[in-house]
Amino acid sequence: MRDMKGERIEPRIGNEKADPEDAKSARRNRAAETARDSRRESAATSRVVRDVLLDSPSSRYVPPDLPVAPQDGKVKRERGYTKASPQGRRECDTGQKTGRTGKKIWRSWNSSWINRKLGAVVFLVGLCLGIYWVSGPVAKVFERPIKSVVVEGDFNFITKQRATELIGNEIDGDFLQLDLMRLKNALLGDPWVEKVTLNRRWPDTLVVKIAEQKPIARWGDGFLNQRGEIVLVDEASKLSGLPWLQGNEADAPEILQQYQDLSQLLRSRGLEVIALKCDNKKSWRLTIKNHVEIALGRDQVMEKMRRFVTVYDTQLSNIWLDVKAIDLRYTNGVAVRWVADSAMARKYIKSQAQVKLPTPAASVTPQIN
């Protein structure tokens, strides 16, 4: 029996009264038993924890209640490992086994390398034989002569017959053996040819596209192309309709550019430039279609031409046929020379005769050579 506090109460028989001393000794005994039980539980707990820590894979702990197997002196190791002494030296029998294994590996690798090399040689020999066997029929297929030549382009200065002759002189091989570069150089040797394009059209046709030079103006015995290059030709009669430019060969690109600028300015008034000359002193002289000569001088050429255009629009456009020459070498004026026996010339001479005065120096028309 236990009381309200959980303490054990010894049963009593009859009406005997409990001895206080006996109760105290009983409580001491119970406290001692409780302490012993607590120590046993703590000892068991610590033992369980120690056992758990010692049960790791690297631990060699063996419970004391289990029988311990006797260890053999020679422990078998996993395959691939070698037995070593505590000082790190291998035993003799293990070294001999390793040497024999290395020799076997070397022999197997050596034999496999020889097999691969032999296989590569056999493959190359077979490939060469196959190419040699196939090359004969393939060569017969590609060895064929050229049966037709197609010549394309705009032929204004070089005739199509002339181009065909140049091509025929260079065709001396089969369709695939034709030297296209030599044929191209032969066509470019003609001064009228600027660009050549050659193409093979299977199975036996050669296509030749020719682009001619574009002459802009005559120059000596040849012409100037669009890049200002001088091209000499044997026959310049085909260039008679082009303007004539003169000057030093080194100044040819500049003269061509000046001609194009002046032509663009005068073309809007219906005036066409037929000649432009630049002498050694860089003095410019221009000739219009009805043979009107315009002296420009060396400086401010385009400004002087704009001054001439203003005078032409206001005063000279209606009497342009009576104009023989114009001098623009003045800083702020224009001098005009009239055609002999023209209406403007008779009118001007008559007015001078009536006044009977000497002609002022400022009004004298300079002679243009």
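Up top you'll find the structure we're talking about.
Fair warning: this is a prediction, and the values are worked out from it, not measured in the lab.

The rules behind the values
- Residues numbered from 1 in each chain as written.
- Predicted model: local features only at pLDDT ≥ 70, side-chain atom pairs only at ≥ 80, totals over all residues.
- Heavy atoms only, no water.
- Helix = DSSP H or I, 4+ residues; strand = E, 2+ residues; numbered from the N terminus.
- Buried < 20%, exposed > 50% of the residue type's maximum accessible area, 1.4 Å probe, protein only.
- Contact = heavy atoms within 4.5 Å.
- Areas by Shrake-Rupley, 256 points an atom, 1.4 Å probe, with all protein chains shown as cover.
- Patch = residues over 30% accessible without salt bridge, like charges linked within 9 Å, V, L, I, M, F, W, Y side chains within 5 Å.
- Salt bridge = Lys/Arg side-chain N within 4 Å of Asp/Glu carboxyl O.
- Pairing = 2+ DSSP bridges.
- Axes fitted to C-alpha atoms, helices over the stretch in contact; angles between N-to-C directions.
- Core = buried A, V, L, I, M, F, W, Y, C linked by side-chain atoms within 4.5 Å.
- Parallel < 35°, antiparallel > 145°, perpendicular 65-115°, else oblique.
- Left-handed = near helix turned anticlockwise from the far one by under 90°.
- Nonpolar A, V, L, I, M, F, W, Y, C, P; charged D, E, K, R; others polar.
- Phe/Tyr/Trp six-rings, centres within 6.5 Å; stacked < 30°, edge-to-face > 60°.
- Right-handed = clockwise from strand over helix to strand, strands pointing away.

1. Points about the overall build of the protein chain
At step 1: Looking only at helices and strands, the protein chain features seven helices and twelve strands.
At step 2: Relative to its full complement of 369 residues, the protein chain shows a buried share of 22%.
At step 3: Partitioning the intrachain contacts of the protein chain with sequence separation of at least 6 by distance along the chain shows that 45% fall at a separation of at least 24.
At step 4: Here the protein chain has roughly 27,500 Å² of accessible surface; of this, 54% comes from carbon and sulfur atoms.

2. Digging into a nonpolar patch on the surface
At step 1: Together, F123, L124, L127 and I131 make up a nonpolar patch on the protein surface, roughly 430 Å² of accessible area in all.
At step 2: Summarising the element assignment, I131 is placed in helix α2 (residues 92-142).
At step 3: Given the relative accessible area of 52%, I131 is considered exposed.

3. Here's the deal with the sheet that holds strand β1 (residues 148-152)
At step 1: Strand order across the open sheet formed by three strands is β1-β3-β2, with mixed pairing between neighbours. Two strands close off the open sheet at either side, each with one partner strand: β1 and β2 (193-201). Here the average twist between neighbouring strands, direction ignored, is 20°.
At step 2: Contacts between helix α3 (residues 160-170) and the sheet are confined to β1 and β3 (205-212), with β1 contributing the most and set at about 135° to the helix.

4. Things to note about the nonpolar core
At step 1: Core analysis: the largest hydrophobic core is formed by 32 residues, its most contacted members being L286, M305, F308 and W320.
At step 2: For this core, the secondary-structure elements that each account for two or more residues are β4 (217-219), α5 (252-267), β8 (273-278), β9 (284-288), β10 (293-297), α6 (301-316) and β11 (323-327).
At step 3: Of the residues forming this core, the biggest block, seven residues, is contributed by α5.
At step 4: Beyond its immediate chain neighbours, meaning those up to four positions away, W320 contacts L271, I288, N290, V292, F308, Y312 and I326.
At step 5: In this structure, F157, L206, I210 and V233 belong to the second largest nonpolar core, which totals 22 residues.

5. Observations regarding the packing of α5 against α6
At step 1: At a minimum axis distance of 11 Å, the contact between α5 and α6 shows a crossing angle of 20°. In terms of orientation, α5 and α6 fall into the roughly parallel class. At the point where α5 passes α6, the crossing takes the right-handed sense. On α6, the residues touching Q258, D261, L262, L265 and L266 of α5 are V301, M302, M305, R306, F308 and V309.
At step 2: The class makeup of the residues in the contact of α5 with α6 is eight nonpolar, one polar and two charged.

6. With respect to the packing of aromatic side chains
At step 1: In the structure shown here, the tally under the stated rule is five aromatic pairs.
At step 2: Ring geometry for F308 against W320: centres 6.0 Å apart, planes inclined by 55°, an arrangement best described as tilted. Placement of the pair is F308 in helix α6 and W320 in the loop between α6 and β11, with a sequence separation of twelve residues. Both residues of the pair, F308 and W320, count as buried.
At step 3: Measuring from ring centre to ring centre gives 5.2 Å for Y312 and W320, while their planes differ by 85°; the resulting arrangement is edge-to-face. You'll find Y312 and W320 in the same group, each marked buried.
At step 4: One aromatic cluster in this structure is built from F157, W192 and F223.

7. Some points on the pattern of salt bridges
At step 1: Applying the stated rule across the entire model yields ten salt bridges.
At step 2: For D204, the salt bridge identified is with K147, shortest N-O distance 3.9 Å. You can see D204 sitting in the loop between β2 and β3 and its partner K147 sitting in the loop between α2 and β1, a full 57 residues away along the chain.
At step 3: For D204, a relative accessible area of 13% corresponds to the buried category.

8. Points about the pairing of β10
At step 1: Counting buried positions along β10 gives four out of five residues, so the element sits mostly inside the fold.
At step 2: Two strands pair when backbone bridges link them, and β9 and β10 are joined in this way by four bridges, in the antiparallel orientation. Within β10, the position partnered with L286 by the bridge is I294.
At step 3: The hairpin turn running from β9 into β10, its antiparallel successor, is four residues long, and H291 in that turn takes a positive phi close to 65°.
At step 4: Here β10 runs beside β11; their pairing, made up of three bridges, is parallel. Each residue of the ladder has a partner; that of I294, found in β11, is I326.

9. Quick word on the pairing of β8
At step 1: For strand β7 (residues 244-246) and β8, the ladder comprises three bridges, and the chain directions are parallel. Note on β8: the bridge partner recorded for L245 is L276.
At step 2: Of the crossover connections in this fold, the one passing from β7 over α5 to the parallel β8 is left-handed.
At step 3: Sheet analysis places β8 next to β9, joined by five bridges and oriented antiparallel. Directly across from A275, in β9, lies its bridge partner T287.
At step 4: Linking β8 back to β9 in an antiparallel pair, the connection comprises five residues, with K282 at a positive phi of about 65°.

Function cannot be inferred from these measures alone, as they are strictly geometric.
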